[in-house]
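Take a look at the letters that make up each chain.
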Amino acid sequence: MRREGLWHAAASVLVLSPDGASVYVHRRTATKDVYPGRYDCWTGGVVAAGEDPGAAAVRELAEELDVRGVAPQPLFRLAFEEGSVRYHAFCYRTSWDGPVRHQPEEIAEGGWMGLAELRERLADPAWPFVPDGRRLVEEWFARGG
């Protein structure tokens, strides 16, 4: 899809601490096909043909972070387009205070970051953060997140 610039749907989940003061931020592996080695605060991926975006959100949380037994809450939808990355994002949020286990093919490292620190880092254009994740979190902040 990305290689050919095809539009598709993706589920993106913001994982927050139970008090809502921190978000789980991770660094993508150097082998990812898009935005390798950059940071992101959204977990997610492509919605399969015929799959409900909410089911995709649950599946991606389990695959990437081993977060299970949660019901992500819908936030908003947003179209993102930059170069050959073109998709409709179905954005969700969930709270989690349990263990996180990274899918080694996708996530190199991660940890909790306060929202104030995330805003501060995002203000630095040199911070290697994925462009789509930046756009989505800025939209979430603009909506009162």
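Before reading further, recall that the structure is shown in the block above.
Turning our eyes to something else, we now look at the pattern of salt bridges. For side chains bearing opposite charge, pairing can occur when the charged atoms are close. Overall, the coordinates contain 11 salt bridges when judged by the stated rule. A salt bridge links E51 to R59; the nearest nitrogen and oxygen atoms lie 2.9 Å apart. The exposure class of E51 is partly exposed, given its relative accessible area of 21%. Across the salt bridge formed by R101 and D66, the nearest N and O atoms sit 2.8 Å from each other. Of this pair, R101 sits in the loop between β6 (85-95) and β7 (107-114) while D66 is found in the loop between α1 (53-65) and β5 (73-82), placing the two residues 35 residues apart along the sequence. Taking the relative accessible area as the measure of exposure, R101 reaches 49% and is therefore partly exposed.

This part covers the pairing of strand β2 (residues 22-28). For β2, the tally of buried residues reaches six of seven residues, placing the bulk of the element in the interior. Summarising the sheet, β2 and β7 pair through seven bridges and their orientation is antiparallel. Among the inter-strand pairings, H26 is bridged to a residue of β7, identified as G110. Summarising the sheet, β2 and strand β3 (residues 39-40) pair through two bridges and their orientation is antiparallel. The residue of β3 that forms the bridge with R27 is Y39.

What follows covers the side chain of R134. In this structure, R134 sits in helix α3 (residues 131-142). One buried charge, R134, has no salt-bridge partner; the nearest side chain with opposite charge is E138, at 4.5 Å. Ignoring any residue separated from it by four or fewer positions in sequence, one finds R134 in contact with L122, D124, W127 and F129.

Let us now look at the nonpolar core. Formed by 27 residues in total, the largest nonpolar core has its most connected members in V23, C41, W42, L118, L136, V137 and W140. Of all elements in the fold, only β1 (8-16), β2, β5, β6, α2 (115-122) and α3 reach the threshold of two or more residues within this core. Each residue touching V23, except ones within four places of it in the same chain, is listed here: L14, V15, L16, C41, G111, W112, M113, L115 and L118. Counting 15 residues, the second-largest nonpolar core is a separate cluster that includes V13, Y24, V70 and Y92.

So, on to the packing of α2 against α3. The N-to-C vectors of α2 and α3 enclose an angle of 125°; their axes lie 12 Å apart at closest approach. With respect to α3, the axis of α2 lies oblique. Crossing handedness for the pair α2 and α3: left-handed. Together, L115, L118, R119 and L122 of α2 and R134, V137, W140 and F141 of α3 make up the contact between the two elements. Taken together, the residues of the contact of α2 with α3 sort by class into six nonpolar, no polar and two charged.

Conventions we followed
Residues numbered from 1 in each chain as written. Predicted model: local features only at pLDDT ≥ 70, side-chain atom pairs only at ≥ 80, totals over all residues. Heavy atoms only, no water. Salt bridge = Lys/Arg side-chain N within 4 Å of Asp/Glu carboxyl O. Buried < 20%, exposed > 50% of the residue type's maximum accessible area, 1.4 Å probe, protein only. Helix = DSSP H or I, 4+ residues; strand = E, 2+ residues; numbered from the N terminus. Pairing = 2+ DSSP bridges. Lys, Arg positive; Asp, Glu negative; His and termini not counted. Contact = heavy atoms within 4.5 Å. Core = buried A, V, L, I, M, F, W, Y, C linked by side-chain atoms within 4.5 Å. Axes fitted to C-alpha atoms, helices over the stretch in contact; angles between N-to-C directions. Parallel < 35°, antiparallel > 145°, perpendicular 65-115°, else oblique. Left-handed = near helix turned anticlockwise from the far one by under 90°. Nonpolar A, V, L, I, M, F, W, Y, C, P; charged D, E, K, R; others polar.

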